[in-house]
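# Reading the structure
In case you want the letters, here they are:
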Amino acid sequence: MTAQGFPRSRRLHLKNDFKNIIQSGHKIQGFGLVLWWKPAPLGKEDVRMGLVVSRKLGSAVVRNRVKRLLREAFRLNRKRLQSGVDYIISPRNSDSLATADAAECALLGLCRKAGLVPSLPAGPESRAEL
RNA sequence: UUGACGGCCCAGAGAGCCGCCUUUGGCUUAAGUGCCUUAGGAGGAACUUCCGGACUCCACAGGGAAAUGCGCCCUGCGAAAGCAGGGGCCGUACGGGGUAAAAUCCGUACGGACGGAAAGUGCCACAGAAAACAUACCGCCUUCGGGCAAGGGUGAAAAGGUGCGGUAAGAGCGCACCGCGCACAAGGCAACGCGUGCGGCAGGGCAAACCCCGCAGGGAGCAAGGCCAAAUAUGCCCAUACGUGUCCCGCGUCAGAGGCAGAGUAGGCCGCUUAGAGUAAUGGCUCUCACAGGUGUGUAAACGCCUGACAGAAUCUGGGGUAUGGGCCGUCAACCAU
RNA sequence: GGAGUCGUGGUGUAGCCUGGUCUAACACGCUGCCCUGUCAAGGCAGAGACCGCGGGUUCGAAUCCCGUCGACUCCG
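Residues numbered from 1 in each chain as written. Chains lettered and ligands numbered in written order. Predicted model: local features only at pLDDT ≥ 70, side-chain atom pairs only at ≥ 80, totals over all residues.

## With respect to the overall build of chain A
Assigned secondary structure in chain A consists of three helices and four strands. Reading chain A from its N terminus to its C terminus gives the helix and strand order α-β-β-β-α-β-α. Here the contacts in chain A between residues at least 6 apart in sequence split such that 76% fall between residues at least 24 apart. (Helix = DSSP H or I, 4+ residues; strand = E, 2+ residues; numbered from the N terminus. Contact = placed C-beta atoms within 7 Å.)

## Looking at unusual backbone geometry
Positive phi outside glycine occurs at F31, with the angle close to 60 degrees. Mapped onto the secondary structure, F31 falls in the loop between β1 (26-30) and β2 (33-39). Given 21 C-beta atoms within 10 Å, F31 falls into the buried group. (Buried ≥ 20, exposed ≤ 12 C-beta atoms within 10 Å, placed from the backbone.)

## Considerations on the sheet that holds β1
Read from one edge to the other, the open sheet built from four strands follows the order β1-β2-β4-β3, with strand pairing classed as mixed. This sheet does not close on itself; its edge strands, each paired only once, are β1 and β3 (48-51). Strand-to-strand twist across the sheet, computed as the mean angle between neighbouring axes with direction ignored, equals 20 degrees. The pairing of β1 with β2 spans five bridges and is antiparallel. Looking across to β2, one finds that I28 is bridged to L35. (Pairing = 2+ DSSP bridges. Axes fitted to C-alpha atoms, helices over the stretch in contact; angles between N-to-C directions.)

## A closer look at the environment of R10
Inspection of the secondary structure assignment puts R10 in the segment before α1 (15-24). Counting along the chain gives 37 residues from R10 to V47, while the straight-line C-alpha distance between them is 6.6 Å.

Written as structure tokens, this is what we have:
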């Protein structure tokens, strides 16, 4: 797999995974997002991510757009997040995630608040240094 | 040029980098696990779920009926829903014509869920004497027994309208025109109806109230339905162990680490697709060009900046409805110029 | 994806089926006054919805019919 790829195996798609992480994992809110995370079972070094998008967020077009932007932001910053952890992200406000930059800022800001960004970089604009 | 109506078309293009889903061939892995490679990857409405059809399951001898839906006529397309064309009738507006004023009549445009109200039931508030049965309030006339419904007034609607005659006063009581009903009927495939005759008038509205007539008409839906199948529980079998017994067989008991069974949960597969299915792909960034709109500078040409409609397949498919950016063509109307 | 239910003052409901003095009722809430040293409770008075939106039927629509928008529920 290339450095920035994000195939299906890195995504959460089983109903039980979602149930498990949301019920027994950690939770933090902010930047128009909700983040649940939980260390993955032993032997898994990868970062996995799932999305939960409610119908209250908007029409199918709005929901698809938010999901794509969040997935893109996660894909580009996957190496900077703590590995061996499963993430579930749920947007609560489509206005604060209207562009790719905004989605990236929100995701990184919330992860830093949760202590899941070990290298402590300056911000999303320093991505080119990695 | 602008507007309305009708019809057709498009849904920005190209390049680079990073990615996603399915797929062809090859290598690889415990494993569609990973790598390389081939090809493909949202719409005109994919929206809505308002009608159809295919498909699947359930129900069902045959026939009838109900719920429910639809409703002028003809033709064409269609499997059906529905759509298109033409015609009839009705309503509204405008114009013509006509008149004392109207109406009948002619034309144009727009609209019409447009079978039946003399099959039955029901409802019609308030006002008004009275709302469909004439019990007639003010009133008119009178020979004081009674006669009348013209005028007033109420209302959405009041037992034909206007005019003339007539009368005690009145009234289709009589006449003309108009309206209405019935019968016949030129014509037309039909809806309908040129017209003729009869009748002085039968009698309001509502069926998107029940209903009657005609036609259609079993129910549910791919989360339909089918297949495979952990764990757990149940049943059966076998070996071991223990008990009985001197021992073996046999019999009994407990446990599991075994095997089998049907049912079947989690889960998986098929249904399912030359886009495809699952937390659900079809994306992000940069540059160039094009189009449209907004805005700023400028006399202008031009240049700069900003913005990019509605909307995302989920078994497939035919329609209806709704949302929405732009282009072209046609018809009509208004305005400007010649 | 499919099948349904419901929109009425600030909130929760009634009225709709069977159209009419509906200018829309009830409870809580709200406003003012009285009561009290003050608050609550109580008493008196009052404001607030043209019935989600747009058409149609009808003399007349919250009610009937059609379209549309929004909210909610169920089906593995």
